[in-house]
Amino acid sequence: MAKLERLDKVLANMGYGSRKDVKNHIKNGIVKVNGNIIKDRETKVNPYEDEITINGEVVNYREYIYLMMNKPQGLVSSTDDPLTRTVIDLLSDEYLIYEPFPVGRLDKDTEGLLLISNDGKLAHELLSPKKGVYKTYFAEVDGTVEDDHVGIFNKGLTLDDGYMTLPARLEILESGIVSKVNLTIQEGKYHQVKRMFESIGMKVLFLKRISMGPLKLDPSLEPGEYRELNEEEINMLKFR
Ligand code: URA
C-alpha cells in the first residue's frame with residue numbers, strides 16, 4: 001500500500017510551486033481532496049488513491065516517468081554539460097520536475113533509442129553488465145562487410161585496449177563499399193560498436209540504436225522527439 005504523505009509535500013513534489021506557494025494555495029481554499037476543501041497543509045493523503053485537485057484540475061501523482069527518445073546527433077547523453085546541449089534540454093518542464101536522467105549513453109554523433117527516466121532501480125537493472133541486456137544498433141560502415149564477418153563477431157573481437165568482447169550478432173543488410181548492418185551486443189563498453197568495426201579495419205559512418213532489451217525505437221519518432229512509454233513497454237522492461 002502506498003505511503004501516506006503530507007498534502008503540501010505531494011503538491012510541492014508535483015511541481016505546484018515551493019512549499020510556501022503550496023501553503024498559500026491550500027490556505028486560499030483551492031485545494032480539494034476527494035471533493036472536500038482542505039485547509040490543513042499537514043493533512044495526510046494517499047497520493048495514488050485520493051483525488052487531489054487544484055482549482056478543479058486533477059493532480060496526477062506518480063513517482064516515476066519513462067520516456068523513449070529518438071536521440072538526435074549533436075547532443076550529449078548526460079543531465080548537464082558545460083559546453084554542449086544535452087538530451088535533457090529537449091524535455092518539457094512537465095517532465096523536468098521528476099529529475100530524469102538518460103539510462104545509459106549514446107555518443108554525441110549516435111542517434112536512436114534512448115530511455116530517459118528517474119527510476120534508478122530500473123536503470124541499474126538495464127545497465128548492469130551482469131544482466132547482459134541486448135542492444136541492437138543499425139550501422140553504416142565504410143567497408144565491405146561479408147558473411148565471414150558474422151562468425152568473427154560471434155566469436156568476439158579484441159578491441160584496441162586488448163579487451164575481448166562477448167559474442168555479438170551481426171546481420172548484414174547490404175554489403176558494398178559502404179555496408180549496412182544490424183549489430184546486437186550484450187555489453188556497453190566505451191564506443192563499443194565503433195571500436196568493434198575498427199578492429200576489423202572499418203569505420204562506422206552512421207550509428208543508430210534501434211532496440212534495448214525488449215524495447216524497440218518507435219519508428220514514428222523523428223530525431224529529437226520523445227514520448228512516454230506505454231504500460232506494456234514499462235512492464236516488458238521491468239519484468240523481463
Ligand atoms: N557504440 C558506439 O560506438 N557508440 C554508441 O553511441 C553506442 C554504442
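The model shown is predicted, which means the values in this text are computed figures rather than measured ones. The written sequence of each chain sets the order in which its residues are numbered from 1. Reporting in this predicted model follows two pLDDT cut-offs: at least 70 for local features of residues, and 80 or more for side-chain atom pairs to be given and counted; totals over whole chains, interfaces and linings ignore these cut-offs and use all residues. Side-chain metrics in this entry use all non-hydrogen atoms of the structure; hydrogen atoms and water are not considered.

A.B. asks: How should the overall build of the chain be read in this particular structure?
C.D. replies: Every helix listed is a DSSP run of H or I at least four residues long, and every strand listed is a run of E at least two residues long, numbered separately from the N terminus. Each helix and strand counted, the chain has seven helices and 15 strands in total. In this treatment the radius of gyration is a C-alpha quantity, and the globule benchmark scales as 2.2 Å times the residue count to the 0.38 power. Taken over the C-alpha trace, the chain has a radius of gyration of 23 Å; the compact-globule value for 240 residues is 18 Å, which it surpasses by more than 25%. Structurally, the chain occupies a C-alpha span of about 70 × 35 × 30 Å along its principal axes. Whether two residues touch is decided by their heavy atoms; if any such pair falls within 4.5 Å, the residues are in contact. Restricting the contact set of the chain to residue pairs at least 6 apart, pairs at least 24 apart contribute 63%. Each accessible area is a Shrake-Rupley estimate made with a 1.4 Å probe; only the visible protein chains count as cover when residues are assessed. Surface summary for the chain: the accessible area is close to 13200 Å², and the carbon and sulfur share equals 48%. For the purpose of counting charges, residues Lys and Arg are taken to be positive, whereas Asp and Glu are taken to be negative. His and the chain ends are not included. In this description, the location of a charge corresponds to atom NZ of lysine, CZ of arginine, CG of aspartate or CD of glutamate. Considering the chain, the positive charge centre built from 33 side chains and the negative charge centre built from 39 side chains are found 6 Å apart.

A.B. asks: Explanation requested: the packing of aromatic side chains in the structure shown.
C.D. replies: Any Phe, Tyr or Trp ring, taking Trp's six-membered ring, that has another such ring centre within 6.5 Å forms a pair; planes under 30 degrees apart are called stacked, those over 60 apart edge-to-face, and the others tilted. A complete count under the given rule lists four aromatic pairs for this structure. Above the plane of the ring of tyrosine 163 lies lysine 189, whose end atom (NZ or CZ) is 4.7 Å from the centre. Over a ring means this: the NZ of a Lys or the CZ of an Arg is within 6 Å of the ring centre and within 35 degrees of the ring normal.

A.B. asks: What is the right way to read the sheet that holds strand β6 (residues 57–58) from this model?
C.D. replies: Whenever strands of a sheet pair, they do so through backbone hydrogen bonds, lying parallel or antiparallel. The four strands lie next to each other as β3-β2-β5-β6, forming an open sheet whose pairing is antiparallel. Unpaired on one side and paired on the other, β3 (36–37) and β6 mark the two borders of the sheet. Here, a strand pair is defined by DSSP locating no fewer than two bridges between the strands. Where strand β2 (residues 31–33) and β3 come together, two bridges link them in antiparallel fashion. Looking at β3, one finds that lysine 32 is bridged to isoleucine 37.

A.B. asks: Looking at this structure, how should I read the domain arrangement of the chain?
C.D. replies: Note on interface size: it is often stated as the accessible area lost on association of the parts. Per the domain assignment, the segments making up the chain are domain 1 (5–58), domain 2 (66–129 + 215–238) and domain 3 (134–212). Marked domain ranges trace back to an automatic or database domain assignment. Measuring from the centre of the C-alpha atoms in domain 1 to the corresponding centre in domain 2 gives 30 Å.

A.B. asks: Sorry, what's going on with the site of the ligand here?
C.D. replies: The near set for a molecule or strand comprises every residue that places at least one heavy atom within 4 Å of it. Close contacts around the ligand come from Leu106, Asp107, Thr110, Tyr137, His191, Gln192, Val193, Lys194 and Leu207, and that covers them all. N or O atoms closer than or at 3.5 Å make up a polar contact, with two conditions inside protein: a donor-capable atom paired with an acceptor-capable one, and, for residues adjacent in sequence, both atoms drawn from side chains. Between the ligand and aspartate 107 there is a distance of 2.7 Å, counted from a nitrogen atom to a side-chain nitrogen or oxygen. At 2.9 Å, a side-chain N or O of threonine 110 approaches an oxygen atom of the ligand. Bound to the protein, the ligand loses 96% of the 240 Å² it would expose on its own. With three residues, the top contributor of residues to the shell around the ligand is helix α6 (residues 192–198). Each residue is assigned to one of three groups, with Ala, Val, Leu, Ile, Met, Phe, Trp, Tyr, Cys and Pro labelled nonpolar, Asp, Glu, Lys and Arg labelled charged, and all others, Gly among them, labelled polar. A per-class count over the shell around the ligand returns four nonpolar, three polar and two charged. Counting the residues that make up the shell around the ligand, at least three belong to each of domain 2 (66–129 + 215–238) and domain 3 (134–212).

A.B. asks: Looking at this model, I keep getting lost on a nonpolar patch on the surface. Mind explaining?
C.D. replies: On the surface, Ile177, Val178 and Leu205 cluster together into a nonpolar patch covering about 300 Å² of accessible area. Relative to the elements of secondary structure, leucine 205 occurs in strand β13 (residues 203–212). Surface patches are drawn from residues lacking salt bridges whose relative accessible area is over 30%; two like charges belong together within 9 Å, two nonpolar side chains (Val, Leu, Ile, Met, Phe, Trp, Tyr) within 5 Å. We define a salt bridge as a contact between a side-chain nitrogen of Lys or Arg and a carboxyl oxygen of Asp or Glu at a distance within 4 Å.

A.B. asks: Mind showing me how you'd approach the nonpolar core here?
C.D. replies: It is characteristic of soluble globular proteins that their nonpolar side chains tend to be buried jointly. Side-chain atoms within 4.5 Å link the members of a nonpolar core, which is a set of buried Ala, Val, Leu, Ile, Met, Phe, Trp, Tyr and Cys residues. Only protein chains enter the accessibility calculation, which uses a 1.4 Å probe. A residue is then buried if its area is under 20% of the maximum for its type, exposed if over 50%, and partly exposed in between. Formed by 44 residues in total, the largest nonpolar core has its most connected members in Leu7, Leu11, Ile52, Leu183 and Phe197. Leucine 7 has contacts with Ile26, Val31, Val33, Ile38, Asp40, Arg41, Thr43, Val45 and Ile52, leaving out every residue within four places of it along the chain. Listed in part, the 16 residues of the second largest apolar core include Leu126, Leu217, Leu221 and Leu237.

A.B. asks: Help me understand the pattern of salt bridges in this model?
C.D. replies: Pairing between side chains of opposite charge can happen when their charged atoms approach one another. Throughout the structure, instances matching the rule amount to 13 salt bridges. In this structure, lysine 180 engages glutamate 174 in a salt bridge whose closest nitrogen and oxygen atoms are separated by 3.8 Å. Take glutamate 174: its relative accessible area is 43%, and that puts it in the partly exposed class. Because the salt bridges share partners, they merge into one network encompassing Arg6, Asp8, Arg19 and Arg41.

A.B. asks: Even after reading the chapter, I still don't get the environment of valine 33, so can you show me in this structure?
C.D. replies: Structurally, valine 33 is set in strand β2. On a C-alpha basis, the gap between valine 33 and aspartate 8 in space is 12 Å, while along the polypeptide they are 25 residues apart. Once you skip the residues sitting within four places of it in the chain, valine 33 turns out to touch Leu7, Ile38, Val45, Asp50, Glu51 and Ile52.

A.B. asks: How do you make sense of the side chain of aspartate 119 when you look at a structure like this?
C.D. replies: Note on placement: aspartate 119 falls in the loop between β9 (111–117) and α4 (120–127). Summary of buried charges: aspartate 119 has no salt-bridge partner, and the nearest side chain of opposite charge, lysine 238, is 4.1 Å away. Looking at aspartate 119, its side chain comes within polar contact range of the side chain of tyrosine 66, at 2.4 Å. Setting aside anything within four residues of it in sequence, one finds aspartate 119 in contact with Tyr64, Tyr66, Phe101 and Lys238.

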